[in-house]
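# Descriptive analysis of the structure
Okay, here's what each chain looks like letter by letter:
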Amino acid sequence: LGFGGCMKDVKFTRGAVVNLASVSSSAVRVNLDGCLSTDSAVNCRGNDSILVYRGKEQSVYEHGLQPFTEYLYRVVATNEGGSVSSVWTRVRTRESVPQNVPTPSRVHSINGYSIEVTWDKPAGVIGVIEKYILKAYEADGPNAPITSAELADAGTLTGILTGLHPFTNYAVTLTACTLAGCTESLHALNISTPQEGKVISKVLTSTFHTQYTLYVNGIPIYSGNGTKYLVKDLAVFTPHQFVLTACTLAGCTNSSQVTLFTAQLPPSHVDAPVLTVLDSRTIYVQWKEPVEVNGILDRYIIYIANNGQNFTKWNVIYNSTEPFLDFTILQLSPGTEYLIKLAACTGGGCSVSETCRAITDESTPEGVPAPKAQSYSSDSFNISWTKPEYPNGIITNYGLYMDGVLLQNSSQLSCYAYGLAPWSLHSFRVQACTAKGCALGPLVEARTMEATPEGIVDVFTTVDGSKDVQLKWLAPNKPNGKLTYTVLITGLFYADQ
């Protein structure tokens with residue numbers, strides 16, 4: 001997404017050559033001294049962000065983005081009265097599988113059983129390389145590798161492959177891995193291991209007893225005639241140097257030194273984050289890096305749940321590979337209790353902290369509903385209402401106003417009003433209050449039911465001729481409803497012949 005504005009506090013690396021005229025001529029209204037004054041003839045570039053969705057939904061799925069790329073998003077809510085924008089939110093897409101992994105650049109034999117492989121860093125990797133894998137295939141053998149070596153230190157560009165056979169042709173490949181997957185180089189680098197004294201070795205083995213000594217970091221940890229040994233209790237994600245000495249009565253010989261890394265594990269312990277409530281909609285979260293990382297710290301994840309969902313649904317509010325140790329959670333609900341926990345992750349997995357609790361500050365309620373007034377008799381109302389759509393705290397009381405006068409002030413959600421005149425018009429409005437203040441809902445009007453009219457209907461007659469009589473009457477003193485009249489006339493009537 002584009003992001004308009006001005007550049008401020010620009011600094012250049014010592015010794016760098018920058019042609020400012022060339023840079024500014026190809027830019028769009030960029031001022032290297034900061035934003036221009038409002039009375040300047042040249043203004044800063046406005047917002048050139050890309051519109052990704054327009055509609056009434058509250059979620060959207062965007063595709064076609066670049067892998068492992070950081071984007072800025074914000075939402076603009078618009079109605080007939082204008083518009084309001086959210087703050088910019090930063091998000092990064094996931095990594096992609098490595099592309100165009102190069103063939104190893106150099107391979108040379110250490111002896112007939114091991115080789116040293118050198119390679120260049122892949123240029124087509126978008127993301128963080130987690131590990132490299134070296135594989136050796138027999139040139140005329142099956143497609144499965146004879147041996148492989150996994151290198152968890154992504155910063156190294158050299159590795160050693162062991163377990164090979166002397167005087168054999170091998171094809172060596174390089175595999176690069178990110179969290180999204182692994183890719184092996186399309187081509188291999190061929191090498192032939194040198195000959196070793198096989199015949200002499202067989203004669204010596206059959207004639208003399210062979211004694212092996214295994215050294216780890218220069219310390220002997222095994223001595224015997226076995227050909228394998230399980231090394232335990234090593235430190236997590238730590239390089240260790242291995243050397244094997246083989247001795248007969250004729251003398252001893254040492255292997256080449258092999259360096260191996262133990263695997264990563266999740267951090268041993270993650271301290272609970274520190275929560276600071278800034279206002280009714282914002283919580284500031286701070287945390288510390290784990291003391292025992294047990295690998296390379298890959299990312300931090302913040303989970304959040306609220307009492308509106310009974311703390312049963314945890315949502316990821318923050319997931320970043322950046323080494324930041326704080327984050328501000330925005331657009332929360334006022335007067336709401338939140339549970340927050342932090343996860344720290346390495347290549348070996350994630351460890352989650354204990355849960356912390358915070359309650360945002362209360363504010364006045366929002367979305368106070370209109371009351372529902374129903375009349376079942378000519379002199380009374382049953383009035384009821386529901387809770388506000390957004391209480392924004394603990395509702396302390398509800399006030400019901402009838403004709404602008406406070407009729408009831410309590411925690412109830414209903415009221416009975418009586419002693420009213422039949423067919424009388426009344427207005428009602430509900431007020432909801434928290435400790436931070438009150439808010440009124442919309443005004444509604446309703447009438448009581450009708451009743452039988454009260455009083456006398458006075459009738460006046462005027463004779464207009466031999467066949468016409470004009471009648472007039474007055475309404476009763478208390479109509480008690482919407483009146484309709486019926487005129488009854490008895491006697492002789494004239495009929496046309």
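Structure first, text after, so check above.
Reading the values: the criteria
- Residues numbered from 1 in each chain as written.
- Predicted model: local features only at pLDDT ≥ 70, side-chain atom pairs only at ≥ 80, totals over all residues.
- Heavy atoms only, no water.
- Helix = DSSP H or I, 4+ residues; strand = E, 2+ residues; numbered from the N terminus.
- Buried < 20%, exposed > 50% of the residue type's maximum accessible area, 1.4 Å probe, protein only.
- Contact = heavy atoms within 4.5 Å.
- Areas by Shrake-Rupley, 256 points an atom, 1.4 Å probe, with all protein chains shown as cover.
- Core = buried A, V, L, I, M, F, W, Y, C linked by side-chain atoms within 4.5 Å.
- Pairing = 2+ DSSP bridges.
- Axes fitted to C-alpha atoms, helices over the stretch in contact; angles between N-to-C directions.
- Disulfide = S-S within 2.5 Å.
- Patch = residues over 30% accessible without salt bridge, like charges linked within 9 Å, V, L, I, M, F, W, Y side chains within 5 Å.
- Salt bridge = Lys/Arg side-chain N within 4 Å of Asp/Glu carboxyl O.

### Re the overall build of the protein
Scanning the protein from N- to C-terminus turns up 2 helices and 35 strands. Counting the 497 residues in the protein, one finds 29% classified as buried. Across the protein, the fraction of contacts at a sequence separation of at least 24, relative to all contacts at a separation of at least 6, is 60%. Of the accessible surface of the protein, which amounts to about 31800 Å², a share of 52% is contributed by carbon and sulfur atoms.

### Notes on the nonpolar core
Ranked by internal contacts, the top residues of the largest apolar core, which has 19 residues, are I115, V117, W119, Y132, L134, L161 and V172. In this structure, V117 is in contact with P104, R106, V107, L134, L157, T158, G159 and V172, ignoring residues within four places of it in sequence. Counting 17 residues, the second-largest nonpolar core is a separate cluster that includes V270, W287, Y300 and I302.

### Topic: the sheet that holds strand β6 (residues 114–118)
The pairing of strands in a sheet comes from backbone hydrogen bonds and takes either a parallel or an antiparallel form. One open sheet accounts for 3 strands, arranged β5-β6-β9; its pairing is antiparallel. Taken across any chain shown, the strands that pair with only one partner, and hence form the sheet edges, are β5 (106–111) and β9 (158–162). Neighbour to neighbour, the strand axes of the sheet diverge by 25° on average, direction disregarded.

### Structural notes on the state of the cysteines
Taken as a whole, this structure holds 4 disulfides when the rule is applied. Each sulfur in the disulfide pair C177 and C182 lies 2.0 Å from the other. Because the sign of the S-S torsion sets the handedness, a value of about 115° for the bond joining C177 and C182 places this disulfide among the right-handed ones. Overall, C177 belongs to the buried group, its relative accessible area being 1%. Overall, the relative accessible area of 44% leaves C182 in the partly exposed class.

### Quick notes on a nonpolar patch on the surface
On the surface, a nonpolar cluster with roughly 670 Å² of combined accessible area is contributed by V457, V459, W473, Y485, V487, I489 and F493. Residue position: W473 is located in strand β35 (residues 469–473). You can call W473 partly exposed: its relative accessible area is 32%.

### Focus on the pairing of β9
Residues of β9 alternate between two faces, with G159 and L161 buried on one and T158, I160 and T162 left unburied on the opposite face. Here β6 pairs with β9 via 5 bridges, running antiparallel. Looking across to β9, one finds that V117 is bridged to G159.

### Some remarks on the side chain of S427
Position of S427 among the secondary structure elements: in strand β31 (residues 425–434). Given a relative accessible area of 14%, S427 falls into the buried group. Not counting residues up to four positions away in its chain, the partners in contact with S427 are Y401, M402, D403, G404, L443, V444 and E445.

### Things to note about the pattern of salt bridges
With the rule as written, the count across this model stands at 7 salt bridges. E366 is paired through a salt bridge with R281; the nearest N and O atoms lie 2.8 Å apart. A residue pair is termed long-range when its members are at least 10 positions apart, and E366 in the loop between β25 (356–359) and β26 (372–377) and R281 in the loop between β18 (274–279) and β19 (282–286) qualify at 85 residues. Classification of E366 as partly exposed rests on a relative accessible area of 33%. Classification of R281 as partly exposed rests on a relative accessible area of 35%.

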